[in-house]
Amino acid sequence: MSSSSTLLLLLTGLTTLSACPVCDVDVPSRPVPEPEPPGMPGNVTTLCLAGQYYDDRIRQCKPCQEDYFMTLSMAKSRKYWSCVPCYRPKDLEVELVPCNKTRDTEVVCEPGYFLQQVSDCACQWTCARCGICGIGELLNLNYETVSCQHKEDTLCCQYPEMTSDNRKCVYNISGQTTAMFKHTTGHTDGDYKLFSNIHFVFFMSFICILNR
């Protein structure tokens with residue numbers, strides 16, 4: 001690859017990263033609201049607190065009105081002439097933490113849905129339907145290992161002895177041999193115990209032969 005092509009790829013990556021909005025500190029699944037109109041003039045030196053905005057008519061900080069907010073980081077950015085309207089839950093969303101003068105509303109999805117990231121940007125999410133084990137794309141995965149909640153979809157595994165390791169289906173260490181025996185032979189727990197005892201006897205006999 002030529003140096004010019006490499007530079008182009010780097011610039012493209014930087015452009016993609018810079019295009020991502022800044023996430024709200026209190027509600028990281030949503031970007032900080034854009035200020036309208038943008039920016040305060042440089043001659044305004046007063047720094048208002050969270051829950052306040054600068055009223056240019058009286059040259060003082062005033063508290064946000066009902067159903068509006070101003071976070072501390074927004075106030076420090078000096079980009080907002082006024083407080084911002086609180087976010088209202090959309091379809092499939094329910095309020096988790098109500099809006100107040102210093103922070104925006106926090107929402108979660110309705111039961112049966114979870115917050116799914118919709119782009120490479122950290123704070124762009126939408127409500128997606130939870131997977132159901134044994135149905136559709138999960139047809140052959142019948143055992144629920146991780147329940148669907150908040151930002152996690154259902155994790156379905158092939159066998160009941162499996163557990164989750166970084167959202168991957170793995171066998172429990174204690175149940176791995178049992179699971180492999182049962183699912184490869186179709187035998188029961190009693191058969192497995194008999195199989196284990198026979199295996200142990202053969203193993204000890206082999207050790208004795210080696211020590212002669």
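Notes on the structure follow.

Parameters and conventions
- Residues numbered from 1 in each chain as written.
- Predicted model: local features only at pLDDT ≥ 70, side-chain atom pairs only at ≥ 80, totals over all residues.
- Heavy atoms only, no water.
- Helix = DSSP H or I, 4+ residues; strand = E, 2+ residues; numbered from the N terminus.
- Buried < 20%, exposed > 50% of the residue type's maximum accessible area, 1.4 Å probe, protein only.
- Contact = heavy atoms within 4.5 Å.
- Areas by Shrake-Rupley, 256 points an atom, 1.4 Å probe, with all protein chains shown as cover.
- Salt bridge = Lys/Arg side-chain N within 4 Å of Asp/Glu carboxyl O.
- Disulfide = S-S within 2.5 Å.

1. Considerations on the overall build of the chain
Secondary structure assignment for the chain yields 4 helices and 12 strands. Looking at the 212 residues of the chain, the share that counts as buried comes to 25%. The contacts in the chain between residues at least 6 apart in sequence include a share of 34% that link residues at least 24 apart. Surface summary for the chain: the accessible area is close to 14,600 Å², and the carbon and sulfur share equals 57%.

2. A word on the environment of Arg103
Structurally, the position occupied by Arg103 is in the loop between strand S5 (93-97) and strand S6 (106-109). For Arg103, a relative accessible area of 17% corresponds to the buried category. Here the alpha-carbon distance between Arg103 and Met70, two residues 33 residues apart in the chain, equals 6.5 Å. Among all residues touching Arg103, those that are not within four sequence positions of it are Asp26, Val27, Phe69, Thr71 and Val97.

3. Structural notes on the pattern of salt bridges
One pass over the structure, following the stated rule, counts 6 salt bridges. One salt bridge connects Asp55 with Lys62, and the closest N-O pair in it is separated by 3.7 Å. The closest approach of N and O atoms between Glu152 and Arg167, which form a salt bridge, is 3.8 Å. Taken as a pair, Glu152 in the loop between strand S9 (143-146) and strand S10 (155-157) and Arg167 in the loop between strand S11 (162-164) and strand S12 (169-171) lie far apart in primary sequence, 15 residues in all. Judged by its relative accessible area of 32%, Arg167 is partly exposed. Counted as one network, the salt bridges with shared partners bring together Asp55, Arg57 and Lys62.

4. Looking at the state of the cysteines
For the structure shown, the criterion picks out 9 disulfides. A sulfur-sulfur distance of 1.9 Å marks the disulfide that ties Cys64 to Cys83. Taking the torsion about the sulfur-sulfur bond, which here is approximately -75°, the covalent link between Cys64 and Cys83 counts as left-handed. Here Cys64 is found in the loop between strand S2 (60-63) and strand S3 (68-69), whereas its partner Cys83 is found in the loop between helix H2 (72-77) and strand S4 (84-85), with 19 residues between them in sequence. Residue Cys64 is classed as buried on the basis of its relative accessible area, which comes to 3%. The disulfide bridge from Cys130 ends at Cys148, spanning 1.9 Å between sulfur atoms. Judged by the sign of its S-S torsion, about -65°, the bond between Cys130 and Cys148 is left-handed. Placement of the pair is Cys130 in the loop between strand S8 (125-129) and S9 and Cys148 in the loop between S9 and S10, with a sequence separation of 18 residues. The exposure class of Cys130 is buried, given its relative accessible area of 13%.

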